[in-house]
Amino acid sequence: MELLHMGFGVVFHRLVISKQVRMTTLTHRARRTEVGKNSERKVENEEDTNQDRSPDDEDSGDSKDIRLTLMEEVLLLGLKDKEGYTSFWNDCISSGLRGGILIELAMRGRISLEPPTMRKKRLLDRKVLLRSDSPTGDVLLDETLKHIKATEPTETVQTWIELLTGETWNPFKLQYQLRNVRERIAKNLVEKGILTTEKQNFLLFDMTTHPVTNTTEKQRLVKKVQDSVLERWVNDPQRMDKRTLALLVLAHSSDVLENVFSSLTDDKYDMAMNRAKDLVELDPEVEGTKHSATEMIWAVLAAFNKS
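All figures in this text were calculated on a predicted structure; none of them were measured in a lab.

K.L.:
So what's going on with the packing of helix α2 (residues 70–78) against helix α8 (residues 242–253)? Residues and values would help.
P.N.:
Pairs of packed helices are described in terms of their axes, by the angle between the two and the distance that separates them. The geometry of α2 relative to α8 is characterised by a closest axis approach of 10 Å and an angle of 45° between their N-to-C directions. By the angle between their directions, the pair α2 and α8 is classed as oblique. For α2 against α8, the interelement crossing comes out right-handed. Residue-level contacts link Leu70, Glu73, Val74 and Leu77 of α2 to Arg243, Ala246, Leu247, Leu250 and Ala251 of α8.

In structure tokens form, the structure reads like this:
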């Protein structure tokens with residue numbers, strides 16, 4: 001009986017151990033599955049986070065800098081610091097800001113130019129295609145995305161600049177015009193702590209103005225543009241930081257480069273203006289076909305050159 005009892009004890013002990021081993025194995029499997037799912041979630045989250053990052057984006061080297069859109073940078077460069085408004089004689093900045101919207105969307109991977117074909121090789125002949133309509137978090141960018149998504153047939157870069165500025169002759173497409181663009185961009189800069197909002201009286205009317213309060217950020221931006229054509233000049237647009245290249249093209253087309261270079265000495269001012277002029281006088285059709293070129297930048301420049 002004692003031997004039989006011991007036999008049952010051994011069998012029972014083995015069954016308990018076997019059950020514990022199976023439970024432990026299942027626990028490890030469950031943990032591995034959970035870890036795997038968490039890893040998948042992490043990858044998905046990283047992909048979602050990286051959607052707004054374009055491969056053309058390059059780190060400025062200072063993570064403390066306030067991240068601005070190209071439109072915000074162009075407007076900030078064009079604003080008079082104390083007065084808080086752009087020059088009354090500047091009639092180029094409106095189209096320049098719309099061109100900035102198209103380049104910004106392209107750099108964020110939301111739009112692109114259709115692939116070149118034998119019939120349509122020129123940048124200005126190729127249509128703007130929607131790649132993703134996921135929100136960017138910027139009202140102007142998202143509004144433009146909705147217009148591009150809803151438009152059939154698709155339109156070219158030059159046509160989109162005309163539509164967004166309201167300069168189209170087609171009365172059925174006037175609803176594509178982006179209104180109060182400068183004011184909306186200025187409000188974004190107010191929220192980012194760079195501008196403030198004031199009211200100024202101009203005899204017959206009151207006007208909302210946005211003087212610069214964060215002069216450090218404004219000077220950082222000015223110095224970045226100055227350095228790009230002076231100390232950091234590489235004389236090759238393909239080797240330039242893509243956002244800086246886009247900013248130079250847009251600043252020139254928006255007629256605000258003179259503001260940027262006005263603080264330079266006469267010699268440096270001439271050098272900076274000549275280099276910027278040489279850059280924007282390059283053939284967009286040639287530059288846009290080069291390796292690693294951002295086609296939308298050159299397409300926007302081609303549209304400005306033609307208008």
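K.L.:
For the pattern of salt bridges, give the residues involved together with the corresponding values.
P.N.:
Counting across every chain of the model gives 14 salt bridges. Two residues, arginine 220 and glutamate 217, come together in a salt bridge whose shortest N-O distance is 3.0 Å. Placement of the pair is arginine 220 and glutamate 217 together in helix α7 (residues 215–229), with a separation of three residues, close to one helical turn. Judged by its relative accessible area of 7%, glutamate 217 is buried.

K.L.:
Could you give an account of the layout of surface pockets, naming the residues involved and the relevant values?
P.N.:
Space left empty within the atom packing is revealed by a probe, the size of a water molecule, rolled over the atoms. Space inside the second largest pocket adds up to approximately 370 Å³. Every residue lining the second largest pocket is counted, 20 residues in all, and those nearest its centre are Leu75, Tyr85, Thr86, Arg182 and Glu183. Going through the elements one at a time, α3 (93–107), α6 (181–191) and β4 (205–209) are the ones with two or more residues in the lining of the second largest pocket. Of the residues forming the lining of the second largest pocket, the biggest block, four residues, is contributed by α6. A class-by-class count of the residues in the lining of the second largest pocket yields eight nonpolar, eight polar and four charged.

K.L.:
Go over the packing of helix α4 (residues 139–150) against α6 with me, naming the residues and quoting the values.
P.N.:
α6 packs onto α4 with a crossing angle of 135° between their chain directions and a minimal axis gap of 10 Å. Taken together, the axes of α4 and α6 are oblique relative to one another. Residues Val139, Leu140 and Glu143 of α4 lie in contact with α6, whose contacting residues are Val181, Arg184 and Ile185. Of the residues in the contact of α4 with α6, the class split is four nonpolar, no polar and two charged.

K.L.:
Give me the lowdown on α6, citing residues and values where you can.
P.N.:
Buried residues of α6: Val181, Ile185, Ala186 and Leu189, and no others. Here the buried residues of α6 occupy an arc of 130° about the axis, which is enough to place them on one side. Those residues of α6 that are buried are in contact with α2, α3 and α4.

K.L.:
Describe in detail α4, supporting the description with residues and values.
P.N.:
It helps to recall that an α-helix has 3.6 residues per turn; residues three or four apart then point in one direction. In a regular helix each residue adds 1.5 Å, so 12 residues correspond to 16 Å; α4 covers 17 Å between its end C-alpha atoms and thus fits that length. Among the residues of α4, those classed as buried are Leu140, Leu141, Asp142, Thr144, Leu145, His147 and Ile148. Looking at the buried positions of α4, the neighbouring elements they touch are α2, α3, β1 (111–113), β2 (128–130), α5 (157–165) and α6. For α4, the side-chain oxygen to backbone nitrogen distance between the N-cap and leucine 140 is 3.1 Å, and the N-cap itself is aspartate 138.

Conventions and cut-offs
Residues numbered from 1 in each chain as written. Predicted model: local features only at pLDDT ≥ 70, side-chain atom pairs only at ≥ 80, totals over all residues. Heavy atoms only, no water. Axes fitted to C-alpha atoms, helices over the stretch in contact; angles between N-to-C directions. Helix = DSSP H or I, 4+ residues; strand = E, 2+ residues; numbered from the N terminus. Parallel < 35°, antiparallel > 145°, perpendicular 65-115°, else oblique. Left-handed = near helix turned anticlockwise from the far one by under 90°. Contact = heavy atoms within 4.5 Å. Salt bridge = Lys/Arg side-chain N within 4 Å of Asp/Glu carboxyl O. Buried < 20%, exposed > 50% of the residue type's maximum accessible area, 1.4 Å probe, protein only. 1 Å grid on protein atoms, 1.4 Å probe; cavity = no way out; pocket = protein on both sides within 12 Å on 5 of 7 lines; lining within 4 Å. Points joined across faces, edges and corners; volume = space filled by probe spheres on them. Nonpolar A, V, L, I, M, F, W, Y, C, P; charged D, E, K, R; others polar. Arc of directions from axis to C-beta. Expected span 1.5 Å × (residues − 1). Polar contact = N/O pair within 3.5 Å; in protein donor to acceptor, adjacent residues only side chain to side chain.

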